[in-house]
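For reference, the chains in residue letters:
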Amino acid sequence: MNFEKKLSELEKIIERLEDGECTLEESIELFEKGIKITGECKTTLETAQKKIIELAEIEDEDK
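Cut-offs and rules
Residues numbered from 1 in each chain as written. Predicted model: local features only at pLDDT ≥ 70, side-chain atom pairs only at ≥ 80, totals over all residues. Heavy atoms only, no water. Salt bridge = Lys/Arg side-chain N within 4 Å of Asp/Glu carboxyl O. Helix = DSSP H or I, 4+ residues; strand = E, 2+ residues; numbered from the N terminus. Buried < 20%, exposed > 50% of the residue type's maximum accessible area, 1.4 Å probe, protein only. Expected span 1.5 Å × (residues − 1). Arc of directions from axis to C-beta. Contact = heavy atoms within 4.5 Å. Polar contact = N/O pair within 3.5 Å; in protein donor to acceptor, adjacent residues only side chain to side chain.

Caption draft 1: Focus on the pattern of salt bridges. Scanning the model with the defined rule gives 4 salt bridges in all. Between K36 and E40 there is a salt bridge, and its shortest N-O distance comes to 3.5 Å. Linking K36 with E40, this pair stays in helix α2 (residues 24-62), spanning 4 residues, or about one helical turn. Taking the relative accessible area as the measure of exposure, K36 reaches 55% and is therefore exposed. A relative accessible area of 27% means that E40 is categorised as partly exposed. The salt bridge partner of E46 is K42, with a shortest N-O separation of 4.0 Å. With a gap of 4 residues between them, E46 and K42 both fall in helix α2, about one helical turn apart.

Caption draft 2: Main features of helix α1 (residues 3-19). Its 17 residues place the ends of α1 25 Å apart at the C-alpha level, agreeing with the 24 Å of an ideal helix rising 1.5 Å per residue. Of the residues making up α1, those classed as buried are K6, L10 and I13. Take α1 and look down its axis: the buried residues cluster within an arc of 60°, on one side only. Projecting away from the buried face of α1 at angles above 90 degrees are the exposed residues E4, K5, E11, E15 and E18. Buried residues in α1 make contact with α2. If you check the start of α1, you find a side-chain oxygen 3.2 Å away from the backbone N of E4, and it comes from N2.

The structure is reproduced here in structure tokens:
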């Protein structure tokens, strides 16, 4: 699943949790899934940030 799809899935999870219609067990399951997706998104963003920094440094070296 790509980053945008993960964010979309996370938004759906948040909506379901906020609507208050889930059982406690479902809420816990959704929360766990949300935490997992959040971690994956964080890793993706950190990787992208490192790559941008590397590219900026290369650009600075070329000047």
